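Listed below are the residues making up each chain.
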Amino acid sequence: MKIWFVKRHKDALTYLFLGLILFILYLFQNVNSLPSPLGLIPAIVVVYVAVCGSVMGEYIGCVMGFMGGLLCDASAPSSYCFNLVVITALGIACGLLGTRLFTKRFICTLTLSFLALLLYFILQWLVVGVIFGNEGFYYLLRYALPSVLYSLLYVLPCPAV
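Remember, it's a predicted structure, so these values are computed and weren't measured experimentally.

J.: Tell me about unusual backbone geometry, and name the residues and values.
T.: With the exception of glycine, most residues fall at negative phi, and the peptide bonds are largely trans. Despite not being glycine, L38 shows a phi value in the positive range, around 60°. Within the secondary structure, L38 is located in the loop between α2 (10-31) and α3 (44-56). The backbone phi angle of C81 is positive, close to 60°, even though this residue is not glycine.

J.: Requested: an account of the side chain of T88, with residues and values cited.
T.: Looking at where T88 falls in the secondary structure, it is placed in helix α5 (residues 82-100). Given the relative accessible area of 13%, T88 is considered buried. One polar contact links the side chain of T88 to the main-chain carbonyl oxygen of G65, over a distance of 3.4 Å. For T88, the side chain forms a polar contact with the main-chain oxygen of L84, separated by 2.6 Å. If sequence neighbours within four positions are ignored, T88 has contacts with C62, G65, F66 and N83.

J.: Could you give an account of the nonpolar core, with specific residues and numbers?
T.: If you look at the biggest cluster of nonpolar residues, it comprises 40 residues, and the most contacted ones within it are V46, Y48, M64, L117, Y120 and F121. Elements with a minimum of two residues in this core: α2, α3, α4 (58-75), α5, α6 (106-131) and α7 (137-152). No other element matches the nine residues that α3 contributes to this core. The contacts of M64, once residues within four sequence positions are left out, are Y15, L18, G19, L22, Y48, V49 and C52.

About the criteria used
Residues numbered from 1 in each chain as written. Predicted model: local features only at pLDDT ≥ 70, side-chain atom pairs only at ≥ 80, totals over all residues. Heavy atoms only, no water. Helix = DSSP H or I, 4+ residues; strand = E, 2+ residues; numbered from the N terminus. Buried < 20%, exposed > 50% of the residue type's maximum accessible area, 1.4 Å probe, protein only. Polar contact = N/O pair within 3.5 Å; in protein donor to acceptor, adjacent residues only side chain to side chain. Contact = heavy atoms within 4.5 Å. Core = buried A, V, L, I, M, F, W, Y, C linked by side-chain atoms within 4.5 Å.

Written out as structure tokens, the structure is:
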């Protein structure tokens, strides 16, 4: 009886499990339980959304990006739905590129994750640093670009690969 239930609801259980992993990674990111050398905080939610999108397609990338962006905006003061819009768009873009252009290989997933992180941190610098503040290039060179490389390390243990 249990095997029949698992076979019938395999997709729903997979999506529930992916959402649970997203929530756990969000908690790890926001509780600061991960090492942060030089004050860099990894964006593992963005990495996870990019990996899910590139491996499982644009629909899963969209849903995971929406949920991840919603979680990140819930804990960010005055983010003005930045994370929701950008992470959802990155999930869709990685899903489309992963299914239409690239193969589902590790190097393609690594490339899409790098591009997603680079775009996320550059957009964050443009919106937060340039438009709403006077950070200039210091924020980009001191925090954003090193955070891309540091966050890219978390593609290796990502569970969706």
